[in-house]
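Now for the letters of each chain:
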Amino acid sequence: MTTEPAAQTAGSAPSEPGGTGGGESPPSTSTSTGPRSKAKVSFADATFKNVTRLCGFLLLALMAAIALFLVLKATDALGDNKANFFTTETWFPNESGNPRFGIAALLFGTVVTAAVAMIIAVPVAVGIALYITNYAPRRVGDALGYIVDLLAAVPSVIYGLWGLAILAPHMNGTQLWLSQYLPWFPWTPLGGAILGLAFGLIRRAAPTGSSSVGTPITLGVVLGVVVSLIAGIADAPDDIGIFSTPSGQVGRSIFVAGIVLAIMVLPIVAAISREVFKQVPIAHKEAAFALGATRWEMIRTAVLPYGKPGVISASMLGLGRAMGETIAVALVLPASFGISVHFLEPAGNTIAANIANGFGDSNDTGRGALIASGLVLFIVTMLVNIAARAIIARRAEFSGAAS
Amino acid sequence: MATRIDIQGLNVFYGKFKAVAGVNLAIEPKNVTAFIGPSGCGKSTVLRTLNRMHEVIPGASVEGKVLLDGEDLYGAGVDPVNVRRQVGMVFQRPNPFPTMSIYENVVAGLKLNGTRKKSLLDTRVEESLRGANLWEEVKDRLGRPGAGLSGGQQQRLCIARAIAVEPQVLLMDEPCSALDPISTLAIEDLIAKLKSSYTIVIVTHNMQQASRVSDATAFFSLEATGQPGKLIEYDKTTKIFTSPTEKRTEDYISGRFG
Amino acid sequence: MSTLTAAPEGAPVTDKLRLHGNKLPAFALPVIAVVSVGVSLLLYFATPMDSEIQILLLSLLLFAAGQTIASSLIEGGRRARDRFATTLLIGAFLLAMVPLVAVLVTVISKGAARFDYDFFTHSMRGVSARDHGGGAYAAIIGTLEQIALASLIAVPFGVLVSIYLVEYGRGRISRTISFFVDVLTGLPSIIAGLFIYAFYLIVLGAPQTGFAGSLALIILMIPTVVRSSEEMLKLVPNELREASFALGVERWRTILKVVIPTALPGIVTGVMLAIARVAGETAPLLLTIFGNDSINNDPFSGHQSALPLYIFTEAQKPQSWAVDRAWSAALTLIIIVMLLNLIARFIARRTKV
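Predicted model only: the values in this text are computed from it and were never measured.

Student: Any details on the overall build of chain B? Residues and values, ideally.
Tutor: Secondary structure assignment for chain B yields 10 helices and 10 strands. A globule of 258 residues ought to have a C-alpha radius of gyration of about 18 Å, and chain B, at 18 Å, matches this closely. In terms of overall dimensions, chain B has C-alpha extents of about 55 × 45 × 30 Å along its principal axes. Across chain B, contacts joining residues at least 24 apart in sequence account for 68% of those joining residues at least 6 apart. As displayed, chain B has an accessible area near 9300 Å², and 49% of this comes from carbon and sulfur atoms. Counting 31 positive and 28 negative side-chain charges, chain B places the averaged centre of each group 3 Å from the other.

Structure, rendered in structure tokens:
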């Protein structure tokens, strides 16, 4: 390559003059009417601004009020509690004189059902959104998008009803199969992934190595699944994995609740992700194609990074719905208290379901205890939000919105 | 390096609409060839058929041949992905990937092609950015977002990104139309420099630009809206701008229509 | 699968530019498909599976894997990854649509049983466990009134907040508001119910009414409205605002006359989604409106019923006719939500032009 002196002037070029491709708008009119001066803000203008700002502050006040009144109502009950609120697994707040209750089992159930739901729903939802926006022919994509929007609008109570009446009875076969043939799940795939990662990192450290660790990790996971499958066929001892069932029973389990939640959350995440992927500027997609990207590579270079913040917030919305979903979980889970890592056994409860089940026949302390558990749910969802925000903000300057 | 392009009997359709008809054109290697003509005459469309980018638009199709050193881009078994690897493209609006740093933008194409070695990537980044006359301005902030540069710098970043994969041909679709005059000048300097290594085809609305940067010029036009665009005249740039054979060419370059 | 390595046909005369890619021969995909179905059938008999869906799932996985391996051998890793991703995406799509469409089909077919005149003209007053009749009139009235009340407050409020955030908000305050909108978005619906219970019912001592339910729904609607209209306002190009300022139009008029109309279709769609969300909320109503078998047209006094609550209570009853009522109510609820959606789309399309 020839090395000539760099262009002398370009660096000092004024940034983005208009950007709208000159020629079309006559430049004279805008200057003749004069630029808007700050001093001339009229009364109406100021009023409008203040009204909108007031609404913003009211929203903050609402938020503060929610936190305040939950804390207020929770503290009495917490004061009466004779057990450790954070470590106790049982829930007996209504026994007069000796209320004992703890959040541990409920929180565990809430987090696990929501996690199962997200693990299933988010990848599938993103897949649906990608398929609709980048693979399906335009007309088909529009029609499918419409269907997904409609499904996202279906009230969650209906998914709950369906999950109860139709899905739960049909899940027993799958659950039995999983408990029989994937007994060591997820520990073997996880181990495989860790080994793969280690291998990839070692290879990267080598002077001639490639920097890709994705392939070894994938191979490790596949290997782990195969090992677990073989263990299952060989009837190896199995009370360590999350699919193992020492009691020999499967039923209305945390796993089923998670799947109901996943189906419920799926169209919501998919609908929002589709909206986000639709916004990806065609210019970025063309840039990727012009570099010789395959369709999938185009999606990885242009679509996914651009859509990431949107997908994260869509997932957060989904997570909020999954953690807070009350009715479906209340009906599916047997409302037992206790922490068990055997996700296929008929057991479990969540904070929201417990509130719905217990609110009617609680005394004052009991309701206070339920409010306290609600407060925990509130804090957990808030923490999740903060985490999501941090993820988005970390790369904010690289976000698509900047351009 | 650098490749000759032969366009033979090219028709382009958007669905049933025939956008371009019967284009025959031979583009010389290591030359700058400019496509000029009024809006809607199909010059950008023809440009996009040179690396099969028109296929990104649903319903677009092509008849005829485009030969790259004798090899038909539209022949059986030709993979558009491989074509675009050989024929790079720079667009009207600078379009660096907003989620990537300057460095990542330049190596985007290389990474797609499987180059992962850090040392090699580093070298290519410097070479490409120097090649695009941008190195001195950004060498201290390679980790900053590409979208944070000025418009002209962004466009040169896009050129650096395109040449990083060492294509044979560089297509430019009105690369300066969104830029101010100073940035435009920088890009034009760059084009003059790049033509020692690449076959360059540039679409431009700006006739001065065509006359400044190009060796050969193709003038496209159309009878009326709804009619397909056609190649009216193709010759050395000096010839087109001093003594064109066609009346329509003369009318256009002297500003009588379009 | 070594039989698949057929020589690429019609090899070019010269390919020094390497424009040609090796392609899987046409018979490869059918062969892989047959093999994967065969293997999953084999596995089906070796490790007894209970449902046919699992065969489908397994076949799909094997097909994706087989195709990827064949492709990476012949076409190279990049093509293979592309094929794998494509298959996976289409597979995910098809698999996900099965339960989702099944939900709609079930609701329609089961809901048809009690979808009759009586259902829409009668309440549950005096309907005993053994009675087959009864209807959702009271619940429908309750739901419509509660949603209307909630929208009446939440929509203007939410849009105003979003205007503040997009058009005026700078710095810390707007960042804080924006953050708490996100927090509210993730707020579990039962918390909204708990708050209204703790604040409105206990501290203020108000009775359980339809309006209490609306208050809980407002909390759930606001963030959805704010977020969606904020997104839509952001999409309005700045050039439009500048063009309006340049004509000497004041900022508030610009917002009301230029920005809002431009963003309106999107805002309306967002509002409809928000309404659809709260229309199906059961949990907060459980704590706030209490439910009522009789017709109560006044949302400001006395207990009210609501469709989601009606579904919940009827579905829990052991009698099959009660469950039928629940499905019919579910169908009614879906129809209401779909109607809202269609209206929104109609409005959106008309204003777009």
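What follows continues from the structure just given.
Student: How would you sum up the interface of chain C and chain B? Please name residues and give values.
Tutor: How big an interface is tends to be expressed through the accessible area that disappears when the partners come together. Facing 10 residues of chain C, the contacting portion of chain B comprises 16 residues. Our count for the chain C to chain B interface comes out at 1 salt bridge. We note a salt bridge from C:Arg79 to B:Asp79, for which the minimum N-O separation is 2.7 Å.

Student: Please give an account of the packing of aromatic side chains that cites residues and values.
Tutor: Given two aromatic rings, one states the distance between the centres and the angle between the planes to describe the pair. For the structure on display, the rule yields 20 aromatic pairs over all chains. Plain terms: the ring middles of C:Phe119 and C:Phe120 are 5.3 Å apart, the flat faces sit at 90° to each other, and that makes the pair edge-to-face. Looking at C:Phe120, the relative accessible area reads 28%, which means it is partly exposed. Among the aromatic side chains, those forming a connected cluster through ring pairs are A:Phe85, A:Phe86, A:Trp91 and A:Phe101. Directly above the ring of A:Tyr135 sits A:Arg295, whose terminal nitrogen or CZ lies 5.8 Å from the centroid.

Student: Describe in detail the packing of helix α13 (residues 364-394) of chain A against helix α6 (residues 171-185) of chain C, supporting the description with residues and values.
Tutor: The relative placement of two packed helices is expressed as an angle between their axes plus a distance between the axes. Orientation of α13(A) relative to α6(C), taken along the N-to-C sense of each, is 125°, at an axis distance of 9 Å. The angle between α13(A) and α6(C) places the two elements in the oblique class. Read as a crossing pair, α13(A) and α6(C) show a hand that is right-handed. Here A:Met382, A:Asn385, A:Ile386 and A:Arg389 of α13(A) come into contact with α6(C), specifically with C:Arg175, C:Ser178, C:Phe179, C:Phe180, C:Asp182 and C:Val183.

Student: Kindly report on the nonpolar core, identifying the contributing residues and their values.
Tutor: Counting residues in each nonpolar core, the largest one holds 245 residues, and the members touching the most others are A:Ile66, A:Ile158 and B:Phe35. Ranked by residue count, the leading element in this core is helix α8 (residues 254-278) of chain A, at 17 residues. Sequence-distant contacts of B:Phe35, defined by excluding residues within four places in its chain, comprise B:Leu25, B:Ile27, B:Lys43, B:Val46, B:Leu47, B:Val201, B:Ile202, B:Val203, B:Thr204, B:Ala218 and B:Phe220. Grouped together as the second largest cluster of nonpolar side chains are 42 residues, B:Ile102, B:Ala162, B:Ile200 and B:Tyr252 included.

Student: How would you summarise helix α12 (residues 307-316) of chain C if you had to cite specific residues and measurements?
Tutor: For α12(C), the tally of buried residues reaches 7 of 10 residues, placing the bulk of the element in the interior. If you check which residues of α12(C) are buried, you get C:Leu307, C:Pro308, C:Leu309, C:Tyr310, C:Ile311, C:Phe312 and C:Glu314.

Student: Would you mind going over the interface of chain C and chain A in detail, with residue names and values included?
Tutor: Tallying the contact residues gives 92 residues for chain C and 87 residues for chain A. The junction of chain C with chain A conceals about 8200 Å² of combined surface from both sides, 79% of it contributed by carbon and sulfur atoms. Counting the surface chain C buries against chain A, the share from its top three residues, C:Leu89, C:Phe93 and C:Leu100, is 8%. On inspection of chain C and its partner chain A, the count reaches 1 salt bridge. Ionic pairing is found between A:Glu297 and C:Arg78, a salt bridge with its closest N-O pair at 2.6 Å. Joining chain C to chain A, the criterion identifies 7 residue pairs in polar contact (both at pLDDT 80 or more). Per element, the largest residue contribution to the side of chain C that touches chain A is 20 residues, and it comes from helix α3 (residues 77-111) of chain C. Its residues assigned to classes, the side of chain C that touches chain A comprises 64 nonpolar, 13 polar and 15 charged.

Criteria and thresholds
- Residues numbered from 1 in each chain as written.
- Chains lettered and ligands numbered in written order.
- Predicted model: local features only at pLDDT ≥ 70, side-chain atom pairs only at ≥ 80, totals over all residues.
- Heavy atoms only, no water.
- Helix = DSSP H or I, 4+ residues; strand = E, 2+ residues; numbered from the N terminus.
- Rg over C-alpha atoms; globule rule 2.2 N^0.38 Å.
- Contact = heavy atoms within 4.5 Å.
- Areas by Shrake-Rupley, 256 points an atom, 1.4 Å probe, with all protein chains shown as cover.
- Lys, Arg positive; Asp, Glu negative; His and termini not counted.
- Charge placed at Lys NZ, Arg CZ, Asp CG, Glu CD.
- Salt bridge = Lys/Arg side-chain N within 4 Å of Asp/Glu carboxyl O.
- Phe/Tyr/Trp six-rings, centres within 6.5 Å; stacked < 30°, edge-to-face > 60°.
- Buried < 20%, exposed > 50% of the residue type's maximum accessible area, 1.4 Å probe, protein only.
- Lys NZ or Arg CZ within 6 Å of the ring centre and 35° of its normal.
- Axes fitted to C-alpha atoms, helices over the stretch in contact; angles between N-to-C directions.
- Parallel < 35°, antiparallel > 145°, perpendicular 65-115°, else oblique.
- Left-handed = near helix turned anticlockwise from the far one by under 90°.
- Core = buried A, V, L, I, M, F, W, Y, C linked by side-chain atoms within 4.5 Å.
- Buried area = accessible area lost by both parts, 1.4 Å probe.
- Polar contact = N/O pair within 3.5 Å; in protein donor to acceptor, adjacent residues only side chain to side chain.
- Nonpolar A, V, L, I, M, F, W, Y, C, P; charged D, E, K, R; others polar.

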